[in-house]
Amino acid sequence: MENTRLSNHFTLEEFINSKKYPDNKPSLQVVASLTYGCLMLLEPAREAIGSPIIVNSGFRNPRVNALVGGVAGSQHLVGQAADIRPKNPAKFQLLVAFLKAHALTDQLLTGRGWLHISWAPFRPPRHDVRIGYYK
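Residues numbered from 1 in each chain as written. Predicted model: local features only at pLDDT ≥ 70, side-chain atom pairs only at ≥ 80, totals over all residues. Heavy atoms only, no water.

1. Quick word on the nonpolar core
For soluble globular proteins, nonpolar side chains are generally found buried alongside one another.
Alright, step 1. Judged by nonpolar contacts, the single largest core of 26 residues is most densely connected at Phe-15, Leu-34, Ile-84, Leu-95, Leu-99, Leu-115 and Ile-117.
Alright, step 2. Looking at this core, the element that brings in the most residues is helix H2 (residues 28-49), giving 8 residues.
Alright, step 3. Apart from the residues lying within four places of it in its own chain, the contact partners of Ile-117 are Leu-41, Leu-42, Gln-80, Ala-81, Ala-82, Ile-84, Leu-99, Thr-105, Gln-107 and Leu-108. (Core = buried A, V, L, I, M, F, W, Y, C linked by side-chain atoms within 4.5 Å. Buried < 20%, exposed > 50% of the residue type's maximum accessible area, 1.4 Å probe, protein only. Helix = DSSP H or I, 4+ residues; strand = E, 2+ residues; numbered from the N terminus. Contact = heavy atoms within 4.5 Å.)

Here it is in structure tokens:
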């Protein structure tokens, strides 16, 4: 699975971390949702900030979600969220500004140097933006 491309710059492996969590196996529906997020939000964000984007966490099965302290009902469980950061930390505010303004952002929660972004391929996005959510 390591070379399974979701888009030009993102691979499935980045979103599932199977080296650390070998049982974190996504369904085809999850892969489709991850692909949507990459194509519609993450690739445009990468282009807008002119820097690679690092995926800290993507899809999580229920066990992995519990291990990392994820909330019940997390969009990570269905491949509709990622915790990310720009490779170049100086581009963080630019990344936040781009995603905050993007029409397809479902939820944007920021932390110190990283952010949670979610997308909603099957319903209108909520555009729930909370800057400084993670202290």
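2. Thoughts on the sheet that holds strand E4 (residues 115-118)
Alright, step 1. An order of E1-E2-E4-E3-E5 is seen for the 5 strands of this open sheet, with the pairing classed as mixed. Edge positions in the sheet fall to strand E1 (53-57) and strand E5 (128-130), since each has one partner strand and no second. Here the average twist between neighbouring strands, direction ignored, is 25 degrees. (Pairing = 2+ DSSP bridges. Axes fitted to C-alpha atoms, helices over the stretch in contact; angles between N-to-C directions.)

3. A closer look at the pairing of E4
Alright, step 1. Of the two faces of E4, the one lined by Leu-115 and Ile-117 and the one lined by His-116 and Ser-118 are each fully buried.
Alright, step 2. The pairing of strand E2 (residues 81-86) with E4 spans 4 bridges and is classified as antiparallel. Paired with Ala-81 across the two strands is Ser-118, which belongs to E4.
Alright, step 3. One ladder, built from 4 bridges, connects strand E3 (residues 107-110) with E4; its direction is antiparallel. If you follow Gln-107 over to E4, its bridge partner there is Ser-118.

4. Quick notes on H2
Alright, step 1. For H2, built from 22 residues, the straight-helix expectation of 32 Å at 1.5 Å per residue is met to within 8% by its first-to-last C-alpha distance of 30 Å.
Alright, step 2. The largest bend along H2 measures about 40 degrees and falls at Cys-38.
Alright, step 3. Considered for burial, the residues of H2 that qualify are Val-30, Val-31, Ser-33, Leu-34, Gly-37, Cys-38, Leu-41, Leu-42, Glu-43, Ala-45 and Ile-49.
Alright, step 4. Looking at the buried side of H2, the elements it contacts are helix H1 (12-16), E1, E2, helix H4 (92-101) and E4.
Alright, step 5. Just downstream of H2, Gly-50 is the residue with a positive phi angle, here 65 degrees. (Expected span 1.5 Å × (residues − 1). Bend = angle between axes of the 7 residues up to and from the residue.)

5. Describing the packing of aromatic side chains
Alright, step 1. Going through the model one piece at a time under the given rule, you end up with 3 aromatic pairs.
Alright, step 2. By way of ring pairs, the aromatic residues Trp-114, Tyr-133 and Tyr-134 are connected into one cluster. (Phe/Tyr/Trp six-rings, centres within 6.5 Å; stacked < 30°, edge-to-face > 60°.)

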